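# Chains, contacts and geometry: an overview
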Amino acid sequence: MHPQASGREAADASAEAAAAALATGSTELLGQVLGQLPVGVGLLDPDLRWQYVNPAFVLATGLSQADLVGRPLAGTPQAAAAHTLRLVLADGRPREAAAGGPRARYQRLELAGRPAGLIAVLLEDARPEDRSRHDLEQARARLAMLHAAAGPIGTTLDIDTTCTELAEFTVPGLADLTTVDVLPPGSAERDGGTALGLPRLRRTAVACAPDLRPHLDALTRPGGTVRHRDGSAAARSLATGRPVAANLLSDAGLAAPAADAADLAAYRAAGIDSLLVVPLTARGRLSGVLSLARLRGSSLGFTEDDITLVEDLAGRAAVSIDNARRYAHSQDIALELQRALLAEPGNPHPNLELASRYLASGTTSVVGGDWYETVRLPFGRTLLVIGDVMGHGVEAAVDMSNYRSMLRYVAAMDLPPHRILRQLDTLISEDEAARPATCLLALADPGRGRWTFSSAGHLPPALIVAGEPTELVTVPTGPPLGTGFGGYEQATRDLLPEQVLLLYTDGLVERRGEDIDASLARLAGLRLPATGALPGLLDALLGELAPRAAEDDIALLAARVRRR
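These figures come from a predicted structure and were not determined experimentally.

On to the environment of Leu407. Structurally, the position occupied by Leu407 is in helix α11 (residues 394–411). What makes Leu407 buried here is its relative accessible area of 0%. Along the sequence, Leu407 and Gln423 sit 16 residues apart, while their C-alpha atoms lie 9.1 Å from each other. If we skip the residues at most four places from it in the chain, Leu407 touches Trp371, Glu373, Val375, Val385, Ile420, Leu424 and Leu441.

Under the counting rule described, the total for this entry stands at 19 salt bridges. Across the pair Asp251 and Arg296 runs a salt bridge whose closest N-O atoms are separated by 3.3 Å. Remark: Arg296 occurs in the loop between β11 (285–295) and α10 (304–341) and Asp251 occurs in the loop between β9 (244–246) and α9 (261–270); sequence separation between them is 45 residues. Looking at Arg296, the relative accessible area reads 43%, which means it is partly exposed.

A separate point is the environment of Ala104. Within the secondary structure, Ala104 is located in strand β4 (residues 104–111). Taking the C-alpha atoms as reference points, Ala104 and Gln78, 26 residues apart in sequence, are found 9.9 Å from one another. Residues within four places of Ala104 in sequence aside, it is in contact with Arg95, Glu96, Ala97, Val121, Leu122 and Leu123.

This paragraph deals with helix α7 (residues 159–170). Taking 1.5 Å per residue as the helical rise, α7 with its 12 residues ought to reach 16 Å, and the 17 Å between its terminal C-alpha atoms agrees with that figure. Here α7 has its buried residues at Ile159, Thr162, Cys163, Glu165, Leu166, Ala167 and Thr170. Between the side-chain oxygen at the start of α7 and the backbone nitrogen of Asp160 there is a gap of 3.3 Å, and the oxygen is on Asp158.

For the rest of this paragraph, the subject is the packing of aromatic side chains. Tallying each qualifying case throughout the model produces two aromatic pairs. Centre to centre, the rings of Trp50 and Phe57 are 5.6 Å apart; their planes meet at 55 degrees, and the pair counts as tilted. For the pair Trp50 and Phe57, one class covers both residues: buried. The interplanar angle of 20 degrees and the centroid separation of 6.1 Å between the aromatic rings of Trp451 and Phe453 together place this pair among those described as stacked. One exposure class covers both Trp451 and Phe453, and it is buried.

In this model, the protein carries an average pLDDT of 84, and 82% of its residues clear a pLDDT of 70 or more. Looking over the protein, one finds the lowest element-wise mean pLDDT in helix α1 (residues 3–24), namely 57, and the highest in strand β16 (residues 450–456), namely 97. Contacts from residues 1–7, a stretch scored under 50 in pLDDT, to residues over four places away or in other chains number seven contacts. In the predicted structure, residues 188–192 sits below a pLDDT of 50 and forms 17 contacts with residues beyond four places in sequence or in another chain.

One open sheet holds the five strands; their spatial order is β12-β22-β21-β17-β18, and the pairing between them is antiparallel. A strand with exactly one partner marks an edge of an open sheet, and here the two such strands are β12 (352–359) and β18 (471–472). As judged from the two bridges shared by strand β17 (residues 462–464) and β18, these two strands associate in the antiparallel manner. Bridging from a neighbouring strand, Leu463 pairs with Glu471 of β18. Strand contacts of helix α14 (residues 534–545): β12, β17, β21 (500–504) and β22 (554–561), with the helix running at about 35 degrees to β12, the strand carrying the most contacts.

This brings us to the sheet that holds β4. Ordered in space as β2-β1-β5-β4-β3, the five strands form an open sheet in which the pairing is antiparallel. Pairing within the sheet leaves two strands with one partner each, and these edge strands are β2 (50–53) and β3 (95–97). The mean inter-strand angle of the sheet, taken between neighbouring strand axes irrespective of direction, is 25 degrees. The pairing of β4 with strand β5 (residues 114–122) spans eight bridges and is antiparallel. Pairing of Ala104 across the sheet is with Leu122, part of β5. Of the strands in this sheet, β1 (41–44), β3, β4 and β5 are in contact with helix α5 (residues 82–91), which crosses β4 at around 35 degrees.

Counting buried residues along strand β15 (residues 437–445), nine of its nine residues qualify, which places the element largely inside the surrounding structure. Every second residue of β15 is oriented toward a common face, with Ala437, Cys439, Leu441, Leu443 and Asp445 on one face and Thr438, Leu440, Ala442 and Ala444 on the other, all of them buried. Pairing analysis gives eight bridges linking strand β14 (residues 382–392) to β15, with the strands arranged antiparallel. Residue Ile386 lies in a different strand from β15, and its bridge partner there is Leu440. With six bridges joining them, β15 and β16 adopt antiparallel strand pairing.

Conventions used here
- Residues numbered from 1 in each chain as written.
- Predicted model: local features only at pLDDT ≥ 70, side-chain atom pairs only at ≥ 80, totals over all residues.
- Heavy atoms only, no water.
- Helix = DSSP H or I, 4+ residues; strand = E, 2+ residues; numbered from the N terminus.
- Buried < 20%, exposed > 50% of the residue type's maximum accessible area, 1.4 Å probe, protein only.
- Contact = heavy atoms within 4.5 Å.
- Salt bridge = Lys/Arg side-chain N within 4 Å of Asp/Glu carboxyl O.
- Expected span 1.5 Å × (residues − 1).
- Polar contact = N/O pair within 3.5 Å; in protein donor to acceptor, adjacent residues only side chain to side chain.
- Phe/Tyr/Trp six-rings, centres within 6.5 Å; stacked < 30°, edge-to-face > 60°.
- pLDDT = per-residue confidence, 0-100.
- Pairing = 2+ DSSP bridges.
- Axes fitted to C-alpha atoms, helices over the stretch in contact; angles between N-to-C directions.

As structure tokens, this is what we get:
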């Protein structure tokens, strides 16, 4: 078929569609019907004033919306075709003309038997060289934007951070308002869509132009949940795994694609008229939706080029989100493993009161090798142990469990603390794959009123008495376990009823870039509630020293002699 023949068929179909849209009186429907057509379409009123042009018309003619819409034909490059257009209005016979751009077919639009205006449908695309140049420029712009997004999006393995980076990147270049909603874990399917009933999505990010903020009070904020209504743009995108665009909407027309009543109220207050929702899909798994919105009058809506670009951008961001979700899942498993390995310490003698705490770090290395233990010995004695396997990860947690088992075995021989460390050092050093570990032993002997300490490279124990600064006990420090060097010694202190012994790992006191002496001095300067319940003392200690975003695990073990 000749290209112009197919163009005339498109013109006839476009005229029918435009007439139907005009009959409803809905400019929104007009934009939806004509906006996505691949051929250039423009509308003129009976006075030959331009009323609407679709994106394809703008592309083919090289004229912007501002160059045409609202202006009379006489002031535009198509003015030379004015005589032909008046003939079409007069007798209703379609005619073709080429004036100031590609050849177009003009047809009269009628409502209730009366002329309502003209539709201009381009029979020729832009010149091949112009189209090629445009396509090349669009490809370059798309690649440049994707390259620019590679740095600021996906900088961490945190889902909320990645979604915030994605939303902020799209404003103002692609949208005036952007939201990102993610599916709850376990709801995504591998077929690229998600089964509905649609679960509640968690809003993870919102970004907008600064002047829009006062109008977005109703918008669901990050951390809130959004139930996307059946039939909304996001619900359709999630169901099909495809982008959904809704352009040049009226306030009434926003009701259909908006996620819920809160978002709808915010869109209307802000003056939104165009929406684009793109699924976040990576490795065949759907993780959420990216929703972009534009203000009324800011554009002709989201074009095919826009949709392609946002799809590429969403695809790259979705990989980062999926990586973060997979990492969080693996870390949850590892942390549960560590918690299972790090059970509560054994039961001490009734003459000793105990309390313990374990706080995982807030860094990407969630799982560590911190541990504590108590071993009940003859004659009312209890051995208290705290240790820290070097490194992080599941391997450190597994080594921690092995060392804890070894400690129980060696401690059952009822050796002095320094000889227990010597035996552990020998056993661990025989395994070339074993990680070194620090360890501190404290033997409580209430019958003799004595503490006996021995250290393998661990931080000193603390003695806490009500109303006094915390005392750090000087203990000869031997090498970490697993080095095979041995050379452990021990020290003794009086065990007093009013004292609380505190054993801790380095996550409590150490700070990046700070000398360890300064870190320990901070602990020594504390006055802690030694006479109350031990759990309350540990809470007070953590309140004073635990950083908000700990870079290392924190393990604590506190002990006090029970009064008879």
